[in-house]
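# Residue-level structure breakdown
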Amino acid sequence: MIFVTAEKLHFVCFLSLGLLSLPLLTECNKIRLVGTSRCSGRVEVYNNDVWGTVCDDQWSTTNADVVCRELKCGTVLEAKKGAFFGEGEGQIWLDDVQCLGSESSILKCSHRPLGENNCGHSEDAGVICSEHVRVVNGTNRCNGRVEVYHDDKWNRMCTSEGKAAVSEVVCRETNCGSAVTPAEAPYFGEAMLLGEVNSICFGNESSLSQCKHQEFKENCVDATVVCSNSKPIRLLNGTGRCSGRLEIYHEGQWGTICDDRWGMQEATVTCRELDCGAALSVKFKAHFGRGKGQVWLDDLECTGHEMSIADCPHRGFGEHDCDHNEDASVICSEFIRLVNGTDRCSGRVEVFHDGKWAKICKNWGNKEAAMVCQELGCGSPKASQEIFHFGDSGLRGYTSRCADNVSSISQCTFENYMGRCEGASISCSGIPSIRLVNGTDRCSGRVEVQNDGLWGTVCDDDWDIKDAQVVCRSVDCGTALTAKSGSFFGPGQGDIMLDDLGCFGNETSLFHCRHPTIGESNCGHSEDAGVVCSADIRLINGTDQCSGRVEFYHGGKWSSASSQHWGTNEVAVVCREMNCGNPVQFSGSYGRGGQLSWHTVSCSGRETSLAQCTFGPYARSSQDRTEEASVTCSGNVKLSDGHHRCIGRVEFFDKGQWGGVCGEAWDANDANVVCRQLNCGRNHKITTNAEFGRGSGPIWNSQIECNGLESSLSQCPQRPFRDKTCNTTLVAGVVCTGSLEARLIGGKDECQGRVEVFYKSKWGTVCDDEWELANADVVCRQLGCGHAVSAPSSAHFGRGTGPIWLDNVECEGQEAALTHCKHPGIGQNNCGHGEDASAICLGSLEMPVITLSPAAEVKWGDRVEITCTVLTQQLGGTFVLKRTQDSVKVERFSENEAATFVLPNVDFSQSGSYYCEYQKKLPNQVIFYPPGATADLTVTVKLEKPSISLTSPHAMVIYSPDKISVPQGSSFSVTCSIHSSYPGGIFYLKEAHLNTSKAIPAFDHSVFFMAYFDFPEIDYKSQGEYSCVYAVNVSTRFFSSDPSKSLQVTVVATSSSVALGAVGGVLVVLLLALAIGFLLWRRRRMGAGTLVQFVNRFGGAINQDTEDMNSGRGPNTPVKEQKHSRGAEDNDADGDTSIESVSEELVGRVCYELEPLVFS
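Residues numbered from 1 in each chain as written. Predicted model: local features only at pLDDT ≥ 70, side-chain atom pairs only at ≥ 80, totals over all residues. Heavy atoms only, no water.

## Let's talk about the overall build of the chain
The test is simple: Put simply, DSSP H or I for four residues or longer makes a helix, DSSP E for two residues or longer makes a strand, and each gets a number counted from the N terminus. Burial classes: relative accessible area under 20% of the type maximum marks a residue as buried, over 50% as exposed, and values in between as partly exposed (1.4 Å probe, protein chains only). Pairs of residues are marked as contacts when any of their non-hydrogen atoms sit within 4.5 Å. Reported accessibility uses the Shrake-Rupley method at a 1.4 Å probe radius. Residues are deemed covered only where the shown protein chains occlude them.
When helices and strands are tallied, the chain shows 13 helices and 71 strands. The burial tally for the chain puts 49% of its 1160 residues in the buried class. Considering only contacts in the chain between residues 6 or more positions apart, those separated by 24 or more positions represent 70%. Summed over its atoms, the accessible surface of the chain is roughly 55000 Å², and 50% of this surface lies on carbon and sulfur atoms.

Okay, structure coming up:
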């Protein structure tokens, strides 16, 4: 027996918790935004210790919303494309990102393998998030419960006075129009485990962050908001509120939506936005009548998870090729929905009752369950409903009683359940919408889909392995092996339902893929698509389709294979069945398969399928460390009989054997896929005349039709030759760039440096005798680096070592390789390494660099200089300044390496992302340097915080206390002032508690603006907390400052002390009059000097605490002077004319602000 002390036990517990937290820690800091703030910028992810960008292919608001949520940045406002925040550098880690919207990280969304893309940095994706506010649990992104980011955390906002102003700010910040007040307060759930704050806004703020936030101490009621939303939708001419022709409101008028690409994802978004339950069906061809006016939207491509139909990708408002005969329509369930399920036919049951959604308590029977499944078009309930549970909700609970003659759950009787009840869940069998016909087993055949009760086929236009993957997953048939075209499994009958499919491969149904209108095609049944799925085996979590964890279909369900007794025989069968070539490895780590049952597998190695092997049950214990079986196969493509692994005859593994590829239809796209699959770079040259022999295997009689973007040859469509067989004298071959035996060494990248060639297993240099630009051009093109821009000699990039293989090379410029040019022979030369030849290719040219002066963010009206600089030996070229968002283009020739473009008085229209280009004109060509990175110029209006002060003539003071007591009936003035370069503004004097304000136009002294707010006879209703706000219109845009500090004014009753104050005031006036007389006499004696003049505007007395009177500056506080010219003798006579001298001789005390109000 082993005893563990309490201390050790605590240590073990904490260590275990730490280890369990490691996966969470490793997920941290793997995403960032590079841009204007913490919540807007270019999206970058961290992988392999390197930051890289995300390509904007398939980039949407749903993807951006996941990013905003992951970074705790509130609600998504915009998903930006085209390197809106400037081009990144280095790797592009993600491409074809397809989020559902519920993921916790963008890395958990569907995407290509990390680092695999077909993009450049001009396609870097970005996002703009709301940062300070998020609206949650609403029916669209413009209504819901409000949460605010304050003190570095999210807090629930509590309802309080001034809600209207807060709602206006929230709607403005989230780009949702203005706030509206619904007839009945909506319920958007309650926030849990969040801090509670109360927000106070004036209503003119542009962001909730500019409002005042206080910790809420009372019982908090969640604040909600309903914004007008600039793009509301409606359904017309239907049988109820939740069916009909879909229309959207834009630019003041209603318009329809074209039915091109209209499908269930779009219908799902529509029904959710209208709070109409689940989407039941989509309708085409103006099913509910033709609309009028504009057709606003076309080619919508929703994922189904957007909050608003306007958030889905589309052509653009008003951009279409439709008329009203193609108006789209939808039918929603209206009264019933399933929530939190695994598909549209499962989930927690909720009903729409008394204008609100509510849950059904778990007390119903098979009759109600069957009614719900049928009403949703989901077949019948699955057996053993008690095992399904899809969570609970805080909605009000109802019990239901349904008569025998009802056909809809809405016709049942509902009673409010007073206690707490668990919500009912359901899982329906669904109606199969896809099947495979005329195949050799259940998992191969012609693809047919069902729509409106009719079965039809799928056209093979654009049919590829990604579409096939969706089919195999839908019919639970493992992995797609091949995508068949040309009616491989025979022609079908009836309608051709789908054409031009564009699946990503992660969809659960073909109807969820991009496609034209259902039933529209330009095909015949000779083009019916088919698939061959792996049926009984699938490889999970591998690096490609030929590696991964092994799972197989056995006993009517998927199971895992135990690694016990797993070896080369079993792996050989798997690789053969998957058409993946030869076995390479029978172990590896590809994750765990969850709760699947385990079996041992034993094969002889000669089987054609794993199903022919022997299976035995495997019981795992808690101490069992046995792993699941895995496999790595060579893949189904190889290059044979070349002198390098990246050059040779193309061979493809199919039907358990290797065979050649017919060269009759072989092209550069097909060759590019082979080179990419074998990690051999790009296609350099294709061959079709059996340059590398015919091989001993068969020649496959199929046309391979790649588009060049596939990652493996098996993903390309393959179709048999029509009415002919392949000319077997033509055999496909390829020379990939990975086989080329030339390189550039010593430069900053692979596209510049000393030229070296590979011969007899050694690298050697090239002598510069007869070395010219045409020679260098051949090298550059051979390496895929574009054209040559320079051919340096004399070991420009340093001396090489080893042999000098070539000398006196004479190229015409069209040769495929340097060794193909004319030369005396390899190894013959009369040179030393001081004559090594070099090349600089276009691919290695420096990008121009852009700089903004004085800064990237400037004030309206400033002078801005934009400088383009390039590091080049080709001086004397043209710089081009462009802006990404429009056609702005300015050119300037420069003999130097820089050119400056000046904006003398910048305005808002000149904001944007600028970048530089550089081009050098040579006698025979123009060298276009790669475009530089962008720099964002932001034009803003920044206003200082105004000052608030008091003026009272009886006390002859101007001062800025924090609080003051004023006798009832007395008069005084509040002065608002600000330094600003923007004239024509208005001062607002705001009172916080009454939420009132007064506005007075400002008058100016140069760049100093003021306004006086008079209180002739102050009363109790005028007491409160005051602050000043300065607002101005600049170039038709409205800007306002932050509020000044607060001034608390308290009105007190009149007493005898007022009379004493008046007498005291008279004495003070007399004393000051004597002091002023003395000063006038002194000024006349000393010449022109400096005078502070206070304006006598009001009568009445002000009582003030001692601390308020001392809030002004002391007599030694320096103040700006206004100097006048004086004679030399005056300067000699008296050099001290400062304000300090004047103030020290004043009788009594005068308090003044940083600068005098009036100079004279």
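Next comes the rest of the account.
## Notes on the pattern of salt bridges
Note the threshold: Whenever a carboxyl oxygen of Asp or Glu lies within 4 Å of a side-chain nitrogen of Lys or Arg, that contact is scored as a salt bridge.
Under the definition given, this model contains 34 salt bridges. The closest approach of N and O atoms between Glu350 and Arg337, which form a salt bridge, is 2.9 Å. Here Arg337 lies in strand S19 (residues 336-339) and Glu350 lies in strand S20 (residues 346-353), a separation of 13 residues in the sequence. Across the pair Asp641 and Arg649 runs a salt bridge, and its minimum N-O distance is 2.8 Å. One network of salt bridges, with partners in common, ties together Asp275, Arg337, Arg348 and Glu350.

## Remarks on the nonpolar core
How we decide: In this text, buried Ala, Val, Leu, Ile, Met, Phe, Trp, Tyr and Cys residues form a nonpolar core when linked through side-chain atoms within 4.5 Å.
By size, the foremost hydrophobic cluster in this structure holds 54 residues, and its most contacted members are Trp262, Ile309, Val447, Val458, Trp463, Leu498 and Leu510. Looking at this core element by element, the count peaks at five residues for helix H6 (residues 465-474). Counting 53 residues, the second-largest nonpolar core is a separate cluster that includes Val864, Val906, Ile927 and Tyr1026.

## A look at the sheet that holds strand S52 (residues 849-853)
Rules: DSSP-based pairing: two strands are paired if at least 2 bridges between them are found. Here, axes are lines fitted to C-alpha atoms. For helices the fit covers the stretch in contact, and angles between N-to-C directions go from 0 to 180 degrees.
Read across the open sheet, the three strands follow the order S52-S54-S57; overall the sheet is antiparallel. Lying at the two open borders of the sheet, with one neighbouring strand each, are S52 and strand S57 (898-903). Adjacent strand axes in the sheet meet at a mean angle of 20° when their direction is disregarded. Summarising the sheet, S52 and strand S54 (residues 864-869) pair through five bridges and their orientation is antiparallel.

## Examining unusual backbone geometry
Residue Pro854 follows Ser853 across a cis peptide bond; omega there is 15°. Structurally, the position occupied by Pro854 is in the loop between S52 and strand S53 (857-859). Within the chain, Asn808 stands out as a residue other than glycine whose phi angle is a positive 50°. Residue placement: Asn808 occurs in the loop between strand S50 (804-806) and strand S51 (838-841). Asn808 sits in the partly exposed class, given a relative accessible area of 26%.

## Digging into the packing of aromatic side chains
Our working rule: For Phe, Tyr and Trp, where Trp contributes only its six-membered ring, two rings pair if their centres lie within 6.5 Å, and the inter-plane angle classes them as stacked under 30 degrees, edge-to-face over 60, or tilted in between. In this analysis the charged atom, NZ for Lys or CZ for Arg, is taken to sit over a ring once it is within 6 Å of the ring centre and within 35 degrees of the ring normal.
On inspection of all chains with the given rule, the structure shows 18 aromatic pairs. Consider the rings of Tyr249 and Trp254, whose centres lie 5.2 Å apart with planes at 55°: the pair is tilted. Between the aromatic rings of Phe653 and Trp658, the centroid separation amounts to 5.1 Å while the plane-to-plane angle is 70°, which identifies the pairing as edge-to-face. A relative accessible area of 5% places Phe653 in the buried class. Joined through ring pairs, the aromatic side chains of Phe972, Phe1015 and Tyr1026 make up one cluster. The cationic tip of Arg743 hangs over the ring face of Trp763; the distance from NZ or CZ to the ring centre is 4.1 Å.

## What about the environment of Leu501?
Among the secondary structure elements, Leu501 is positioned in the loop between strand S29 (496-498) and strand S30 (530-533). For Leu501, a relative accessible area of 4% corresponds to the buried category. Sequence spacing of Leu501 and Val458 is 43 residues, and the spatial spacing of their C-alpha atoms is 8.8 Å. The residues touching Leu501, leaving out its near neighbours within four places in the chain, are Val458, Asp461, Asp462, Trp463, Asp467, Leu510, Cys513, Arg514 and His515.

## A few points about the state of the cysteines
Every disulfide links exactly two cysteines, by a covalent bond between their sulfur atoms. Note the cut-off: Note on terminology: disulfide denotes any pair of cysteine sulfur atoms within 2.5 Å.
One pass over the full model with this rule turns up 28 disulfides. At a sulfur-sulfur separation of 1.9 Å, the disulfide partner of Cys459 is Cys523. Torsion about the S-S bond of the Cys459 and Cys523 cystine: about -80°, corresponding to left-handed handedness. With Cys459 in the loop between strand S27 (454-458) and H6 and Cys523 in the loop between S29 and S30, this residue pair connects regions lying 64 residues apart in the sequence. The class for Cys523 is buried, based on a relative accessible area of 17%.

## Overview of helix H4 (residues 264-273)
Across the 10 residues of H4, eight count as buried, placing the element largely inside the fold. Those residues of H4 that sit buried are Met264, Gln265, Glu266, Ala267, Val269, Thr270, Cys271 and Glu273. Looking at the packing, one finds that the buried side of H4 touches strand S13 (233-237), strand S14 (243-250), strand S16 (279-283) and strand S18 (329-332). Immediately beyond the C-terminal end of H4, within one or two residues, lies Asp275, with a positive phi of roughly 55°.

## Thoughts on the confidence of the model for the chain
Condition: Here pLDDT means the predictor's own confidence in every residue, given as a number from 0 to 100.
On average, residues of the chain score 79 in pLDDT, and 84% of them reach the 70 mark or higher. Mean pLDDT across the elements of the chain bottoms out in helix H13 (residues 1139-1145) (33) and peaks in S54 (94). Low pLDDT, under 50, characterises residues 1085-1160; the stretch is placed with 127 contacts to residues that sit more than four places away or in other chains.

## Comments concerning helix H7 (residues 568-577)
Of all 10 residues making up H7, seven are buried, and the element is well covered by its neighbours. Residues Glu570, Val571, Ala572, Val573, Val574, Cys575 and Glu577 constitute the buried set of H7. Just downstream of H7 lies Asn579, where phi reads positive at about 55°.

## Quick notes on the pairing of strand S64 (residues 972-979)
Across the eight residues of S64, seven count as buried, placing the element largely inside the fold. Where S64 meets strand S68 (residues 1008-1015), eight bridges bridge the pair, whose relative direction is antiparallel. Opposite Thr975, over in S68, you have Tyr1012 as the bridge partner.

## Some words on the side chain of Asp464
What counts, and what does not: The charge count treats Lys and Arg as positive and Asp and Glu as negative. His and the chain ends do not count. Pairs of N or O atoms within 3.5 Å make up the polar contacts considered here, provided that, within protein, one atom can donate a hydrogen while the other can accept it, and that residues adjacent in sequence are counted only when both atoms are side-chain atoms.
Examined against the element boundaries, Asp464 turns out to sit in the loop between S27 and H6. No salt bridge is formed by the buried Asp464; the nearest opposite charge belongs to Lys466, separated by 6.1 Å. For Asp464, the side chain forms a polar contact with the main-chain nitrogen of Lys466, separated by 3.1 Å. Not counting residues within four places of it along the chain, the set of residues in contact with Asp464 comprises Ala483, Gln715 and Pro717.

## A look at the pairing of S27
Summarising the sheet, strand S26 (residues 444-451) and S27 pair through four bridges and their orientation is antiparallel. Paired with Gln450 across the bridge in S27 is Trp455. The loop that links S26 with its antiparallel partner S27 comprises two residues; one of these, Asp452, has a positive phi angle of about 50°. The pairing of S27 with S29 spans two bridges and is classified as parallel. Following the sheet pairing, Thr457 is matched in S29 by Ile496.

## Concerning the environment of Arg396
Assignment of secondary structure puts Arg396 in the loop between helix H5 (366-375) and strand S22 (397-401). Remark: the alpha-carbon pair of Arg396 and Cys421, spanning 25 residues in sequence, is separated by 9.0 Å. For Arg396, the contacting residues outside a window of four places in its chain are Ala358, Lys359 and Asn416.

## Thoughts on the environment of Gly115
Tracing the backbone shows Gly115 in the loop between strand S5 (92-94) and strand S6 (126-129). Residue Gly115 is classed as partly exposed on the basis of its relative accessible area, which comes to 29%. Along the sequence, Gly115 and Ile92 sit 23 residues apart, while their C-alpha atoms lie 6.0 Å from each other. Ignoring any residue separated from it by four or fewer positions in sequence, one finds Gly115 in contact with Ile92 and Trp93.

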